[in-house]
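# Working through the structure, step by step
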Amino acid sequence: MSKVGGFEIGATVGTMIAGAEAGVPVIMDGFISDAAAVLAKAFYPDITDHLIASHLSGEKGAQRVLDYLDLKPLLQLGMAVGEGSGAVVALALIDDIQSVLVNMNTLQDLNFEYEN
């Protein structure tokens, strides 16, 4: 790992693997975390089952990395502002999706009756 990046990439790889082992999803944000995910996959082949691509970064290689990892980004806003901004925006979307899945009424809950 020391040949392809600094301590931040190594720390991110470790975070991704620890998250996968604990069953906690990790939200990727931008090209640095994309690069870390490629390295994490070398150590933990099923890592992508535990990763969420927050957005498609504006970096040139971002699409290639997501294609390699077979991940679809939640957002495609051309963001490249840093500071975890894509993950923060995606987290709100993930919370909303979870709320719908947990709290959405079913047709049985609503007691609909259909006539033919």
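Preceding block: the structure.
Described below are features of the structure shown in this document. (Residues numbered from 1 in each chain as written. Predicted model: local features only at pLDDT ≥ 70, side-chain atom pairs only at ≥ 80, totals over all residues. Heavy atoms only, no water.)

### Observations regarding a nonpolar patch on the surface
- A cluster of nonpolar residues, Leu74, Leu93, Ile97, Leu101 and Val102, forms a patch on the protein surface that exposes about 440 Å² of accessible area.
- Its location among the elements puts leucine 101 in helix α4 (residues 85-103).
- Accessibility expressed as a relative area gives 65% for leucine 101, which makes it exposed. (Patch = residues over 30% accessible without salt bridge, like charges linked within 9 Å, V, L, I, M, F, W, Y side chains within 5 Å. Areas by Shrake-Rupley, 256 points an atom, 1.4 Å probe, with all protein chains shown as cover. Salt bridge = Lys/Arg side-chain N within 4 Å of Asp/Glu carboxyl O. Helix = DSSP H or I, 4+ residues; strand = E, 2+ residues; numbered from the N terminus. Buried < 20%, exposed > 50% of the residue type's maximum accessible area, 1.4 Å probe, protein only.)

### Concerning unusual backbone geometry
- With a phi close to 55°, aspartate 70 is a non-glycine residue in the positive phi region.
- Given a relative accessible area of 59%, aspartate 70 falls into the exposed group.

### Points about the nonpolar core
- Within the largest apolar cluster, 20 residues are counted, with the highest numbers of intra-cluster contacts made by Val13, Met16, Met28, Ile47, Leu51 and Leu71.
- Broken down by secondary-structure element, the contributors of at least two residues to this core are α1 (7-22), β1 (26-28), α2 (30-43), β2 (51-53) and α3 (62-69).
- Setting aside its immediate chain neighbours within four residues, methionine 16 contacts Val26, Met28, Ser33, Ala36, Ala37, Ala40, Ile47 and Leu51. (Core = buried A, V, L, I, M, F, W, Y, C linked by side-chain atoms within 4.5 Å. Contact = heavy atoms within 4.5 Å.)

### Overview of the packing of α1 against α2
- For the pair α1 and α2, interaxial distance at closest approach is 8 Å and the crossing angle is 60°. Classified by the angle their axes make, α1 and α2 are oblique. The element α1 and its partner α2 pack so that their crossing is right-handed. For the pair α1 and α2, contact is made by Glu8, Ile9, Thr12, Val13, Met16 and Ile17 and by Ile32, Ser33, Ala36, Ala37, Leu39, Ala40 and Phe43, respectively.
- Grouping the amino acids of the contact of α1 with α2 by side-chain chemistry returns 10 nonpolar, 2 polar and 1 charged. (Axes fitted to C-alpha atoms, helices over the stretch in contact; angles between N-to-C directions. Parallel < 35°, antiparallel > 145°, perpendicular 65-115°, else oblique. Left-handed = near helix turned anticlockwise from the far one by under 90°. Nonpolar A, V, L, I, M, F, W, Y, C, P; charged D, E, K, R; others polar.)

### As for the packing of α2 against α3
- Where α2 contacts α3, the two axes come as close as 10 Å, and the packing angle between them is 30°. Classified by the angle between their axes, α2 and α3 sit roughly parallel to one another. The hand of the α2/α3 crossing is left-handed. Along the contact surface, α2 presents Phe31, Asp34, Ala37, Val38 and Lys41, while α3 presents Ala62, Val65, Leu66, Tyr68 and Leu69.

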